[in-house]
Structure formats: C-alpha cells, structure tokens
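# Remarks on the overall topology
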Amino acid sequence: MAGRPGPGWGRPFPRECCEGLSGLEYGQVDVTVMAWLFGYVDVTDSAFIVATLSIAFNPLFWNMVARWEHNTRALSRVFGSPHAACYCLGAVILLLNCVRSHCFTEAMKSQPKLEGLDCHWAYCLGLAILAVGTLFVTTSFLALGFTGTFLGDYFGILMEAKVTSFPFSVLDNPMYWGSTAIYLGWSLMHASPAGLLLTAVVAISYTIAMLYEGPFTEEIYRQKQKGVKSK
C-alpha cells in the first residue's frame, strides 16, 4: 500500500502550510468534522462509491463464509482438510484486501487534495502513522500465524492458548486497528479528505466486525474447554 513520496517532498515548508485548518473550532470538532469532510468530498463519485462498497464487503464476506464453514464444514470437505480450506479463504481475503486498497487509492486520486494537509508535517505524520499500523499488522500476523490470522478457529484449527504477546499486550484487535492506521496514514500522505472519510468507513466496518466476531470466537473456545473437561 505504501507508495512514493508525493510531489513537493524536497521543497522547504511553505508558509501557507496548513492554513486551511486555521479556522477550525477544535472545541466543536466532534460536531463539525464529518460535515467539514463532506464539504470536500463528492460522495456520489463512482470511485468513492466503489471504494465504500469494497470496504464494507470484505468483513461481511469473510464473516459469512467463516460462519458457514463453522456450521457446515463444507469448505473442509471440498478442499480435503480444514488447513487447506483455511489457506484458500486466507488467499481470497488477501486478494480482496488488495482490491480494497486499490479502490481506496483510486478514490483518493479522483478527488481534490486538501491544501491545508498538503505539506511536509502532514506527510511525515501520515508516514509515521502508516509505519505504526504496519508494525501492528505485521507483528499480529507473526504472533497468530496464518491460520490464526485468517479465521482458522472457524475451521476447527484452535490455538492452545490466548495470545498475549505484543501487540496484543498493548491493544485489543491490533490487526484491525493497525489496518485502519495504515489507511489513515495513507490518506494524510495524500492530503486526501476522501481518504480520511473512507478511513472512517474502514473503522466503522471493523468495529461492526469485531462486535460479531468477538462473542462468536469466545463461544468456539468455550465449547473447546467444555469438550476438554468432559474427557
């Protein structure tokens, strides 16, 4: 998802940098931010609509497929084993995430930049946020492994114990929040109000996904513990 520095990376800080933000009433930001963003974003633009649908579709898809597999074991039968089925779903999820990132970037390109964010400090802040998000996503994957990351517990591939190492020691659901941070950083690097609005859609989509995934996953491991105790 990361790309090359945008135009003007080698220039000194312009005086007008961030003047577009000087009129904001930060005490009322909770009321005005979304309206402010909508003032800069054409939500009827086809690229923006496609990006929004892609963002909303991904967690809906993997949750529906994973629950269907948990209830039927259909994918495990088709692919011959739970591991093969999980790896296949993981590959599809990765592909869909690439499509989502492409749609996200195209939506940013199709709409104007925000002059107040088109400066060095915003670019550097975005780069730092993107780096932190990448750290959370990468370390989450290393801690969980492929099957742990891509819903292996829905396939009956359960972990022996809850992962408590970094980044799970500092943040719940670091994969989701890390991914959100990547999109936030990418949007700031492009000075894109459309990207900021789409990042909010990412955060909302992941929050809804967590509300469904958390209790369901806990129930899977609760059933596992019952099975162990009954032996």
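Above this text is the structure in question.
Residues numbered from 1 in each chain as written. Predicted model: local features only at pLDDT ≥ 70, side-chain atom pairs only at ≥ 80, totals over all residues. Heavy atoms only, no water.

## A look at the packing of aromatic side chains
Counted according to the given criterion, the structure contains 9 aromatic pairs. Look at tyrosine 154 and phenylalanine 216: their rings are 5.2 Å apart centre to centre, the planes differ by 15°, and that puts the pair in the stacked class. Note that tyrosine 154 is positioned in the loop between α5 (120–149) and α6 (174–189) and phenylalanine 216 in helix α7 (residues 193–230), a separation of 62 residues in sequence. Neither tyrosine 154 nor phenylalanine 216 differs from the other in exposure class; each is buried. Among the aromatic side chains, those forming a connected cluster through ring pairs are Tyr87, Phe141, Phe146 and Phe150. Against the face of phenylalanine 216 rests arginine 67, its NZ or CZ located 4.2 Å from the ring centre. (Phe/Tyr/Trp six-rings, centres within 6.5 Å; stacked < 30°, edge-to-face > 60°. Helix = DSSP H or I, 4+ residues; strand = E, 2+ residues; numbered from the N terminus. Buried < 20%, exposed > 50% of the residue type's maximum accessible area, 1.4 Å probe, protein only. Lys NZ or Arg CZ within 6 Å of the ring centre and 35° of its normal.)

## Considering the packing of helix α2 (residues 46–72) against helix α4 (residues 82–109)
Axis separation between α2 and α4 bottoms out at 8 Å; the angle between their running directions is 165°. One element, α2, and the other, α4, form an angle in the roughly antiparallel class. The interaxial crossing formed by α2 with α4 has left-handed handedness. Counted together, Ala47, Phe48, Val50, Ala51, Ser54, Ile55, Phe57, Asn58, Phe61, Trp62 and Val65 of α2 and Leu89, Val92, Ile93, Leu96, Asn97, Val99, Arg100, Cys103, Phe104, Glu106 and Ala107 of α4 form the full contact between these two elements. Residue composition of the contact of α2 with α4, grouped by class: 17 nonpolar, 3 polar and 2 charged. (Axes fitted to C-alpha atoms, helices over the stretch in contact; angles between N-to-C directions. Parallel < 35°, antiparallel > 145°, perpendicular 65-115°, else oblique. Left-handed = near helix turned anticlockwise from the far one by under 90°. Contact = heavy atoms within 4.5 Å. Nonpolar A, V, L, I, M, F, W, Y, C, P; charged D, E, K, R; others polar.)

## Comments concerning the pattern of salt bridges
Applying the stated criterion across every chain, the model contains 3 salt bridges. Where glutamate 69 meets arginine 73, a salt bridge forms, and the shortest distance between an N and an O atom there is 4.0 Å. According to the relative accessible area criterion, arginine 73 is partly exposed, its value standing at 28%. Note that glutamate 219 and arginine 222 form a salt bridge whose closest N and O atoms lie 2.4 Å from each other. On the criterion of helical spacing, the pair formed by glutamate 219 and arginine 222 is a turn pair, its members being 3 residues apart in helix α7. When its relative accessible area of 32% is taken as the criterion, glutamate 219 is described as partly exposed. (Salt bridge = Lys/Arg side-chain N within 4 Å of Asp/Glu carboxyl O.)

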